[in-house]
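Residue-level listing of the chains:
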Amino acid sequence: MTHQTPAAGTAPAARDSALRPGRLGVLGIVFFVVAASAPLIGITGAVPVAMLLGTGAAVPGAYLAVGLTLLLFSVGYATMSRSMTNSGAFFAYVGKGLGVRAGVAAAFAALLAYLTIQLAIYGFFGVVVSGFAAGLGLDLPWYVWSILVWAIVSALSLLSVDVGAKVLGVMLVLEVIVLLVAAIAMLANGGPEGWMLAASFSPDQVFAGGFAGTAGIALAFAFASFIGFEATAIYGEEAKDPKRTVPLATYISIVVISVLFAIVSFAMVTGMGASQVADRVIELSGGLADPAGVLFGLTEQYVGGWLTVGMGILVITSLFAGLLAFQNAASRYFFALGRGGVLPGAVARTNAAGAPVVGVAITSAVALLVMIVFAVAGLDPFANLFSWMSSVTVIAIVLVEILVSAAVIRYFMAHGGGTVWSTKIAPGLSILALGVGLYLLMSRFNLLAGTAPEGVDPSLPESAWQLNALGWLLVLLPFVLLAVGYVIARTGGRRSEQLVKDFAS
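*Asks:* Which residues make up the overall build of the protein, and what values go with them?
*Replies:* From N to C terminus, the protein includes 20 helices and zero strands. Relative to its 505 residues, the protein shows a buried fraction of 59%. Across the protein, the fraction of contacts at a sequence separation of at least 24, relative to all contacts at a separation of at least 6, is 80%. Total accessible area computed for the protein in this model is approximately 17,900 Å², and 68% of it derives from carbon and sulfur atoms.

*Asks:* With reference to specific residues and values, describe the packing of helix α5 (residues 100-135) against helix α14 (residues 305-339).
*Replies:* Remark: α5 packs on α14, axes separated minimally by 9 Å, with the N-to-C direction vectors making an angle of 155°. By the criterion of interaxial angle, the relationship of α5 to α14 is roughly antiparallel. Considering how the two elements wind past one another, α5 and α14 form a crossing that is left-handed. Considered class by class, the residues forming the contact of α5 with α14 number 26 nonpolar, four polar and no charged.

*Asks:* Can you break down the pattern of salt bridges residue by residue, with the values?
*Replies:* Summed over the entire model, instances satisfying the criterion amount to one salt bridge. The salt bridge involving arginine 280 is made with glutamate 283; its shortest N-O contact spans 3.2 Å. Here the residue arginine 280 and the residue glutamate 283 both occupy positions in helix α12 (residues 277-285), the gap between them amounting to three residues, near one helical turn. Note on glutamate 283: relative accessible area 54%, which makes it exposed.

*Asks:* How would you sum up the nonpolar core? Please name residues and give values.
*Replies:* Counting 148 residues, the largest nonpolar core has Met51, Met268 and Val404 as the members making the most contacts within it. The contact partners of methionine 51, leaving out residues within four places of it in the chain, are Gly56, Val59, Ser265, Met268, Val269, Met272, Val277 and Val281.

*Asks:* Tell me about the environment of alanine 365, and name the residues and values.
*Replies:* Tracing the backbone shows alanine 365 in helix α15 (residues 357-376). Relative accessible area serves as the criterion here: at 44%, alanine 365 is assigned to the partly exposed category. Each C-alpha atom, one on alanine 365 and one on serine 154, is 9.5 Å from the other, the two residues being 211 residues apart in sequence.

*Asks:* Describe in detail the packing of aromatic side chains, supporting the description with residues and values.
*Replies:* This structure, assessed with the given rule, holds 14 aromatic pairs. With a centroid separation of 4.8 Å and 10° between ring planes, the pair formed by phenylalanine 382 and phenylalanine 386 is classed as stacked. In this pair, phenylalanine 382 and phenylalanine 386 both sit in helix α16 (residues 381-415), four residues apart, roughly one turn of the helix. Grouping residues by exposure puts phenylalanine 382 and phenylalanine 386 together as buried. Residues tyrosine 411 and phenylalanine 412 carry aromatic rings whose centres are separated by 5.1 Å and whose planes lie at 85° to one another, so their mutual orientation is edge-to-face. Both residues of the pair, tyrosine 411 and phenylalanine 412, belong to the buried class. One aromatic cluster is present, formed by Phe73, Tyr77 and Tyr93 through successive ring pairs.

*Asks:* Go over α5, please, and point to the residues and values.
*Replies:* Relative to the 52 Å expected for 36 residues at 1.5 Å per residue, α5 spans 52 Å between its end C-alpha atoms, a close match to the ideal helical length. Buried residues dominate α5, accounting for 30 of its 36 residues.

*Asks:* Describe the environment of tyrosine 251, and please don't skip the residues or the numbers.
*Replies:* Looking at the element boundaries, tyrosine 251 is found in helix α11 (residues 242-272). Those residues in contact with tyrosine 251 that lie beyond four places of it in its chain are Leu71, Ser74, Val75 and Ala78.

*Asks:* Tell me about the confidence of the model for the protein, residues and numbers included.
*Replies:* With 85% of its residues at a pLDDT of 70 or more, the protein has an overall mean of 82. Element-level mean pLDDT values for the protein span from 55 in helix α20 (residues 497-504) up to 94 in α15. Note on residues 1-20: pLDDT is under 50 here. Beyond four places in sequence and across chains, it has 61 contacts.

*Asks:* Describe the environment of threonine 363, listing the residues and the values that go with them.
*Replies:* Counting through the fold element by element, threonine 363 comes out in helix α15. Residues threonine 363 and serine 154, 209 residues apart in the sequence, show an inter-C-alpha distance of 8.8 Å. Discounting chain neighbours no more than four positions away, the residues touching threonine 363 are Leu115, Gln118, Gln327, Ala330, Ser331 and Phe334.

*Asks:* Any chance you could break down helix α4 (residues 90-98) for me, citing the residues and the numbers?
*Replies:* Across the nine residues of α4, seven count as buried, placing the element largely inside the fold. Within α4, the full set of buried residues consists of Phe90, Phe91, Ala92, Tyr93, Val94, Gly95 and Gly97. Of the residues one or two after α4, glycine 99 is the one with positive phi, at around 105°.

*Asks:* Explain the side chain of serine 285 to me, and be specific about the residues and the numbers.
*Replies:* If you trace the backbone, serine 285 turns up in helix α12. Note on serine 285: relative accessible area 2%, which makes it buried. Not counting residues within four places of it along the chain, the set of residues in contact with serine 285 comprises Asp290, Pro291 and Val294.

*Asks:* Describe the packing of helix α2 (residues 39-53) against helix α10 (residues 214-224), with residues and values.
*Replies:* Taken N-terminus to C-terminus, the directions of α2 and α10 make an angle of 175°; their axes are 8 Å apart at the nearest point. Judged on the interaxial angle alone, α10 and α2 are roughly antiparallel. Packed against α2, whose contacting residues are Ala46, Val49, Ala50 and Leu53, the element α10 presents Thr214, Ile217, Ala218 and Phe221 at the interface.

*Asks:* Got a sec to walk through a nonpolar patch on the surface? Specific residues and values, please.
*Replies:* A contiguous nonpolar patch, built from Val170, Val173, Leu174, Ile177, Val181 and Trp306 and spanning about 550 Å² of accessible area, is present on the exposed surface. Its place among the elements puts valine 173 in helix α7 (residues 165-189).

Reading the values: rules and limits
- Residues numbered from 1 in each chain as written.
- Predicted model: local features only at pLDDT ≥ 70, side-chain atom pairs only at ≥ 80, totals over all residues.
- Heavy atoms only, no water.
- Helix = DSSP H or I, 4+ residues; strand = E, 2+ residues; numbered from the N terminus.
- Buried < 20%, exposed > 50% of the residue type's maximum accessible area, 1.4 Å probe, protein only.
- Contact = heavy atoms within 4.5 Å.
- Areas by Shrake-Rupley, 256 points an atom, 1.4 Å probe, with all protein chains shown as cover.
- Axes fitted to C-alpha atoms, helices over the stretch in contact; angles between N-to-C directions.
- Parallel < 35°, antiparallel > 145°, perpendicular 65-115°, else oblique.
- Left-handed = near helix turned anticlockwise from the far one by under 90°.
- Nonpolar A, V, L, I, M, F, W, Y, C, P; charged D, E, K, R; others polar.
- Salt bridge = Lys/Arg side-chain N within 4 Å of Asp/Glu carboxyl O.
- Core = buried A, V, L, I, M, F, W, Y, C linked by side-chain atoms within 4.5 Å.
- Phe/Tyr/Trp six-rings, centres within 6.5 Å; stacked < 30°, edge-to-face > 60°.
- Expected span 1.5 Å × (residues − 1).
- pLDDT = per-residue confidence, 0-100.
- Patch = residues over 30% accessible without salt bridge, like charges linked within 9 Å, V, L, I, M, F, W, Y side chains within 5 Å.

Okay, here's the thing in structure tokens:
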């Protein structure tokens, strides 16, 4: 799930130093990007919820459908990367194609995504670690663990320490190994009903309930699991033949993530029995109080407790890596906004370690304040903190992806190059497909985030768009930040141009 800016792992002063070119091939980039997407987190966090609230046994097919949609988006995205091989963020593409003001607006929406996904991970971290520690006899509230890791992440960010690509790579290998071992064991056993391929991949099952119903819910959670694939572009400057390597790595990354989610989720369906998915998810997760319990319980059943322990440790380390990466990404967005004159210049201040100290302070303060509010209010770390914030994140990301597709069309219309398919048809179709995805996310937000008005059953198709006041605030927040960024960019004049130049030079 990690999505980093080009500077996310470096001190700001290091931006003047060139990265070593030619060191990464296609497989090297794919390795880093899939590692950063943290598949184990998505499979333990999003898949069980999608199964219970969405299409049940057909969730594996939903992941393939979203993967195909993002492959379509990547046609234009990859074509753009050939013109901007050292770019590192979505908003740089928007700035190049739609203008500086639109780029700054996209930066604000992206910043919101970074802040909210970090908050979501803090909630999920608290759930997983408190459950893991309770099993060892140490029973503490979720917020104790979340605030403890917050302190560590904040300190490391101030020291300009990041989780390196090699560490992420090792974690990826271990994650994939444990996931495949568990999946193979379930598939080899066949579970209580055997392989039910039609129940998981038949289009009539995948889209059962319609976009306004359960299919839309499953697709919405699937969209949320792909955050981070676009990070292929940040390796352009270090790639061998970047005009070929980056686009190919983008396609391969999406395929790998799609197939991995589809295989493991299908194995989980097989392990539970296609007709028993809903009941078993409730049983294993305690009514979604601990969604990771689904994969953990199935792994213990079909492999053994030893792998479950290892899997639990990997989930925790992956969550920690995600927290640190998003902390660095958000703080450096604040830094870039300050240096570009979009925010006050003081926001661009760094410390002796080269870390954006004000950006770190703002990011950490927001996270701590939100966690304290949730703890004092007695709100649930998963049903509230994780669900609310991750739902905002995916809306913000899909919104910016739509802007990127529009920027691709505009950029190549003005500058020429590319083919009609890659610069017009595919991006145009991507806008339509992502537009449908955004509609699904927003219309079913009451179920995704649990923000339906009192007395409304959000699982019913007719409940679409029925939100309480908090729900409307959260669902519109990405658009509000987009508008705020645009207005600020208008008043910032030429100073705002530096922001896009920093990331799209």
